[in-house]
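Below are the chains, spelled out letter by letter.
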Amino acid sequence: LVMVFYGSNGKSNLVSMENKVEQQAKNQITYDIYLPSDLGMVYKVRLGLQSLENSISQLSLHHFKMQNTSTLDTFSLTINKTLPLSLNGDRWIEFPVEWPLKETLSVVKYHLTVFSRNILTVRNVVRMTACIYGSYGDTGDRSLLWSLENVQQEESHESFLVIVDAVELGELDKVVLLISSKTDYKLDIKKLHLKESVKNHPIYVFEVNETFSLDPNKPEIQREIPVSFIIRGDKQKNGTDKNLNKEGSQAENQTEYTIKVYTGDKRGAGTDANVHIILFGDEDRSEVFQLSQSLEHQDPFERGKVDTFKIKTKKIGCLHSIEIGHDGKGFGSGWFLEKVEITDASRNSVYCFNCNRLVDQ
């Protein structure tokens, strides 16, 4: 049995219960453990089995009690859950810690949909896990291929749904995939969709678009996949039917883009100049947009920062290039631009334009 404790200042390492038994009675075991002093207020616990080298097939957990021996603060929870300890099953249980006068997070059922091109042919030889990260922590590595009974087959891809129970993660940030195989195999993954099961939106989209080639020399591959874009759902429109029709007509002829601008992490990389951008597609080009209202920072384009902008323009087709520059305003206006990522939600496409050089003007 192993545990991970999440505090307001971070999380603990994997705490193994092996050789920590202080007291043991019928159906009850007590452990003494030592957590880092800088962990902060514990708000979440994850527990499970690290190894399956024994013959136990199931572990029924009834009750959990935790006490800080210094402050005597006590947390108690009735669990009444059985860990599915099959070889490929999800072997973790998470629960929030409830302290008096402290806000408690809830347990959420997440739906993770994996889009692939050949998952049915490799599912018996490839092992794949995902660790989901959000503003309130992470899920740890969860198995993805333990249940593939409802694979949906389309003309260009296959997809399957994985259900992950976890203490709520807040705003989702990234997914870390770990793929392994003992034999030569290639696994082609297109993208991941992630949302709460009880909500239609938001849907977090993680574009992967990679073929993972596994062989004895590279039996394990890890990839960190940041959020590509978020589908928030249709916004409610107000007004008369005439205005609605007019707005609808304009919306049909427009495309919204999310533009992420990465400023390099070098001395003097930032700029106070006015930055503009033009998008070029295979059908048309956009007008000139001034990138001034960053969604993250009041003062955009600072060293090592990422700034997000949203623009709407006429339909220009698939993007093939951009023009980006600035007006040279301010002292030392030179700007080291690392890259620009542009998301077209209407096409479910993400475009990356690498720069990695100084933009003088």
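Note: the structure precedes this text.
Here is what the cut-offs are and how they apply
Residues numbered from 1 in each chain as written. Predicted model: local features only at pLDDT ≥ 70, side-chain atom pairs only at ≥ 80, totals over all residues. Heavy atoms only, no water. Helix = DSSP H or I, 4+ residues; strand = E, 2+ residues; numbered from the N terminus. Buried < 20%, exposed > 50% of the residue type's maximum accessible area, 1.4 Å probe, protein only. Contact = heavy atoms within 4.5 Å. Areas by Shrake-Rupley, 256 points an atom, 1.4 Å probe, with all protein chains shown as cover. Pairing = 2+ DSSP bridges. Phe/Tyr/Trp six-rings, centres within 6.5 Å; stacked < 30°, edge-to-face > 60°. Lys NZ or Arg CZ within 6 Å of the ring centre and 35° of its normal. Core = buried A, V, L, I, M, F, W, Y, C linked by side-chain atoms within 4.5 Å.

**Q** Give me the lowdown on the overall build of the chain, citing residues and values where you can.
**A** When its secondary structure is counted, the chain shows two helices and 27 strands. Here the chain holds 361 residues, and the buried ones make up 42% of them. Restricting the contact set of the chain to residue pairs at least 6 apart, pairs at least 24 apart contribute 67%. Counting every atom, the chain has about 21,400 Å² of accessible surface; 44% of that belongs to carbon and sulfur.

**Q** Which residues make up the sheet that holds strand 22 (residues 275-281), and what are the values?
**A** Across the sheet, three strands lie side by side as 23-22-25; this open sheet has antiparallel pairing. Unpaired on one side and paired on the other, strand 23 (289-290) and strand 25 (319-326) mark the two borders of the sheet. Relative to strand 25, strand 22 runs antiparallel, the two sharing seven bridges. Looking at strand 25, one finds that Gly-281 is bridged to Leu-319.

**Q** Before we move on, could you go through the packing of aromatic side chains and cite the residues and values that matter?
**A** Enumeration over the complete set of coordinates arrives at six aromatic pairs. Among the aromatic residues, those joined into a ring-pair cluster are Phe-64, Phe-75 and Phe-95. Directly above the aromatic system of Trp-92 lies the positively charged group of Arg-46, at a separation of 5.3 Å from the ring centroid. Positioned over the ring face of Tyr-133 is Lys-174, at 4.7 Å from the centre of the ring.

**Q** Any details on the nonpolar core? Residues and values, ideally.
**A** Of all hydrophobic cores here, the largest spans 33 residues; its most connected members are Met-128, Ile-189 and Leu-192. Top element by residues in this core is strand 18 (residues 203-214). It accounts for five residues. Other than its neighbours up to four places away in sequence, Met-128 contacts Val-114, Arg-142, Ser-143, Leu-144, Leu-145, Phe-160, Leu-178, Ile-179, Leu-187 and Ile-189. The next biggest cluster of nonpolar side chains, apart from the first, holds 21 residues, and it includes Phe-289, Ile-311, Leu-319 and Ile-342.

Geometric values such as these leave the question of function open.
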